[in-house]
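A look at the structure
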Amino acid sequence: MGKQKSVRLNYLMNCILTASSMIFPLLSYPYVSRILQPDGMGKVAFANSIVSYFAMVAMLGIPTYGIRACAKVRDDKNQLSQLVWELLILNFATTLITCVLFGICIVLVPRFAQDKLLFVLMGSSMFFQMLGVEWLFRALEEYSYITIRSLIFKIIALCMMFLFIADGEDYIIYGVLTVAAIVGCVMMANREMAEALSPALIILVIEVVVAFIAYAVVEITVACRFDANGNRRKNKR
């Protein structure tokens, strides 16, 4: 009976997660598209599409394999820890190589270089997707945790969009906020990762995430005060 309830709960949470992926864009898109206009939205959409291609290469099918492999040994803490370590190391290597290639493309491809900052910020999502280890939570059937953490940071990102996106030059802030939701999920992931990994890796994850948040805050502050040409913005009345 408990198992049936667990299956039903997981199914319900998965449905909520899927529905939220469609509802939140419907809530944010009208406002963001009106403020950023086609030009700003086009820049973010283009950067996101390019990053998505590189992200597929970086993940290398590890999430799909990780769910199946971790589910088989989830009752053995030692085997689970070893497996997660191996997958994380492999994923780190593929992500690092992909990020290097992505950086080279930003430098060499003129279209990418035009919005270098936007591509770099959105490209960082590849690294944080690796640290998010959602495949581990799915293998452990932590669908409630996945859904709750996703909803929390989607709501936060939605509120920040209404607060910080005020004119057409704020497309970089929009790009940062799309990555910030992933960063938040990574920070919450530390609780469950601590059960499968050593404290040393947890400390490393926290330091990387905190460094990125500090960088993102600076970028948002600068973007709010200066336009794309480096001129100080005038206060709107």
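Placed above this text is the structure.
Below is a short write-up of the structure. Since we're looking at a predicted model, the values are computed, not measured. (Residues numbered from 1 in each chain as written. Predicted model: local features only at pLDDT ≥ 70, side-chain atom pairs only at ≥ 80, totals over all residues. Heavy atoms only, no water.)

**Notes on helix α3 (residues 77-108)**
For clarity, the cut-off: Working definition: helices are DSSP H or I runs of at least four residues, strands are E runs of at least two. Numbering for both runs from the N terminus. Expected helix span is given by 1.5 Å per residue-to-residue step, counting one fewer step than there are residues. Each residue gets one of three labels from its accessible area relative to the maximum for its type: buried under 20%, exposed over 50%, partly exposed in between, using a 1.4 Å probe on protein chains only. Each polar contact in these results corresponds to two N or O atoms within 3.5 Å; when the atoms are within protein, one needs to be able to donate a hydrogen and the other to accept it, and residues that are neighboring in sequence are counted only if both atoms are side-chain atoms.
Here α3 is 32 residues long and its end C-alpha atoms lie 46 Å apart, about the 46 Å a rise of 1.5 Å per residue gives. Buried within α3 we find Leu80, Ser81, Leu83, Val84, Leu87, Leu88, Asn91, Thr94, Thr95, Thr98, Phe102 and Ile106. Among the residues of α3, the N-terminal cap falls to Asp76, whose side-chain oxygen and the backbone nitrogen of Asn78 are separated by 3.1 Å.

**A closer look at the layout of surface pockets**
Formally: A 1.4 Å probe that fits into a set of points on a 1 Å grid over the protein atoms alone but cannot get out defines a cavity; an open set with protein on both sides within 12 Å along at least five of seven lines defines a pocket, and lining residues are those with an atom within 4 Å of a point. Grid points are joined across faces, edges and corners, and a volume is the space filled by probe spheres set on the points. Residues were grouped as follows: Ala, Val, Leu, Ile, Met, Phe, Trp, Tyr, Cys and Pro as nonpolar; Asp, Glu, Lys and Arg as charged; and all remaining residues, including Gly, as polar.
A volume near 1,400 Å³ is recorded for the largest pocket. In this structure, the largest pocket is lined by 43 residues; those nearest its centre are Gln129, Lys154, Thr178, Ala181 and Ile182. Among the elements that take part in the lining of the largest pocket, helix α1 (residues 2-59) stands out by supplying 16 residues, more than any other. Taken together, the residues of the lining of the largest pocket break down into 29 nonpolar, 10 polar and 4 charged.

**Regarding the pattern of salt bridges**
This is how the line gets drawn: Throughout this description, the term salt bridge denotes a Lys or Arg side-chain nitrogen within 4 Å of a carboxyl oxygen of Asp or Glu.
This structure, assessed with the given rule, holds 2 salt bridges. A salt bridge links Asp39 to Lys43, with the nearest nitrogen and oxygen atoms 3.7 Å apart. Placement of both Asp39 and Lys43 in helix α1 is noted, with a separation of 4 residues, approximately one turn of the helix. As a salt-bridge pair, Asp115 and Arg111 come within 3.5 Å of each other at their nearest N and O atoms. Using a relative accessible area of 7% as the deciding quantity, one classes Asp115 as buried.

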